[in-house]
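Fold and contact review
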Amino acid sequence: MVASEVRALFAVASRPEVVSLAGGMPYVTALPLDVVGELVADLVARRGPVALQYGSGQGDPHLREQICEVMRLEGIEAGPDDVVVTVGSQQALDLITRIFIDPGDVVLAEGPSYVGALGTFAAYQASVVHVPMDEDGLIPSALEETLTTLARMGRRVKFLYTIPNFQNPAGVTLAAERRRQVLEICQRAGVLVVEDNPYGLLGFDGEPMRALRADDPDGVVYLGSFSKTLAPGFRVGWALAPHAIRDKLVLAMESAVLSHSTFSQLAVGQYLATQPWREQIKSFRELYRERRDAMLSSLEALMPPGCAWTRPAGGFFVWMTVPEGLDSKAILPRAVAERVAFVPGTGFFSDSQGARQMRLSYCYPQPDRIREGVRRLAGVIEQEMELRATFGTGSARDHFGVDTPGPDLA
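I will try to describe carefully the structure that is included in this document. Here the structure is a predicted model, which is why all the values come from computation and not from measurement.

So, how was this worked out
- Residues numbered from 1 in each chain as written.
- Predicted model: local features only at pLDDT ≥ 70, side-chain atom pairs only at ≥ 80, totals over all residues.
- Heavy atoms only, no water.
- Pairing = 2+ DSSP bridges.
- Helix = DSSP H or I, 4+ residues; strand = E, 2+ residues; numbered from the N terminus.
- Contact = heavy atoms within 4.5 Å.
- Axes fitted to C-alpha atoms, helices over the stretch in contact; angles between N-to-C directions.
- Phe/Tyr/Trp six-rings, centres within 6.5 Å; stacked < 30°, edge-to-face > 60°.
- Buried < 20%, exposed > 50% of the residue type's maximum accessible area, 1.4 Å probe, protein only.
- Lys NZ or Arg CZ within 6 Å of the ring centre and 35° of its normal.
- Core = buried A, V, L, I, M, F, W, Y, C linked by side-chain atoms within 4.5 Å.
- Arc of directions from axis to C-beta.
- Polar contact = N/O pair within 3.5 Å; in protein donor to acceptor, adjacent residues only side chain to side chain.

Re the sheet that holds strand β14 (residues 357–361)
Pairing in this open sheet of four strands is antiparallel, and the strands run β10-β11-β14-β13 from one edge to the other. Here the strands that pair on one side only, and so sit at the sheet edges, are β10 (308–309) and β13 (343–344). With two bridges joining them, β13 and β14 adopt antiparallel strand pairing. Among the inter-strand pairings, Pro 344 is bridged to a residue of β14, identified as Met 358. Strands β10, β11 (317–321) and β14 of the sheet are contacted by helix α10 (residues 277–302), whose axis makes an angle of about 15 degrees with β11.

Here's what the structure looks like:
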């Protein structure tokens, strides 16, 4: 377990004068907070003895039924018996890794990949092998080649971890045709797919993409969360798993926390039962679309030549590449001094990749703050380019392990 090399800087970055393009925090202020407050008060008044008591390791039965309704929006047909409620999808990921990974086992993950997943895999001593992506997501031919190479080496691959929709950190989405190919490749190789999908309902155009789990119930464990579509403070996520895995998940859950918060589960369930949650998700989508547009237009107008970035169709993040010779982690202290923050790209790889990349988040700041943050960041990058042109490359940087920012940055 390795602490982040950049965490200390973000204590400064949290100051109000700093524009943070780092954090992946949902804009919960857009919720009808007065309604949520009334809902919680009503829950305590009517069902306090139940809501404040221990619950089952698998989760509240009614909430599990409601979760199945949510997943149906992505083409998943499942029963509540195969759903395990977790403390956010992060805990589901931890439990899956605990169940499957022995030290030295291989986990395949997109390159780049979610920093919280990489930290979990490292804690269980997995060997992470990255599979490249492009603007259409994970590259099937690269996945097949990687599996073939690892099999030839006698390496044991336990599962593929993928975020197919509006990926964190790259913002790209796995194309529909590639989804079928990825499933077929993993089926032939006997490799489980762990589909992490916190952003799937937050697309800006059209209907949600069909989930991988919808087309392979036996070969995919699906991880979901209410953190992005409701509020992360409830800490309610879930795993949808084949029967045998489901049983082990319940055992692992009970050994980890005995039972999760009955109060949070009932609050989420009451919200889903009484509030127009689909309309609230639509409001979030419109809000994040406006902020995405503010970031993309600002990058286009202000960034110096040599910079490139993804153009997400949903979710929270843009993945930017800086000009040759620059190092995003080395730039960060200067950026914080200029009152703008981002997350360096190295934290999203298990190896030394990502030095020229950075993740920019548009979910939390107001559009005018996003534009100001991009202006400040562009100025910092221009200064670094001028310094490099004058003095040559900067000092070398060491990188130890996986950067694991706090939850507000993940």
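Okay, back to it.
Some words on the packing of aromatic side chains
Each aromatic ring pair is characterised by the separation of its centres together with the angle its planes make. Evaluated as defined, the whole model comprises twelve aromatic pairs. Judged by centre distance (6.5 Å) and plane angle (50 degrees), the rings of Trp 319 and Phe 349 are tilted. You can see Trp 319 sitting in strand β11 and its partner Phe 349 sitting in the loop between β13 and β14, a full 30 residues away along the chain. Judged by its relative accessible area of 8%, Trp 319 falls in the buried class. Phe 349 sits in the buried class, given a relative accessible area of 5%. For Arg 291, the ring lying beneath its charged end belongs to Tyr 27, and the centroid distance is 4.1 Å.

Section: the nonpolar core
The biggest cluster of nonpolar side chains holds 71 residues, and the ones touching the most others in it are Phe 226, Met 303, Met 320 and Leu 360. At nine residues, the largest contribution of residues to this core is made by α10. Counting 39 residues, the second-largest nonpolar core is a separate cluster that includes Leu 93, Leu 95, Ile 96 and Ala 239.

With respect to helix α11 (residues 328–337)
Burial in α11 covers these residues: Ser 328, Lys 329, Ile 331, Leu 332, Ala 335 and Val 336. Viewed end-on, α11 has its buried residues packed into an arc of 140 degrees, placing them on one side of the element. By the N-cap criterion, in which a side-chain oxygen at the helix start approaches the backbone nitrogen of a residue two or three places on, α11 is capped by Asp 327, the distance to Lys 329 being 2.9 Å. A positive backbone phi angle near 70 degrees is found at Arg 339, which sits one or two residues after α11.

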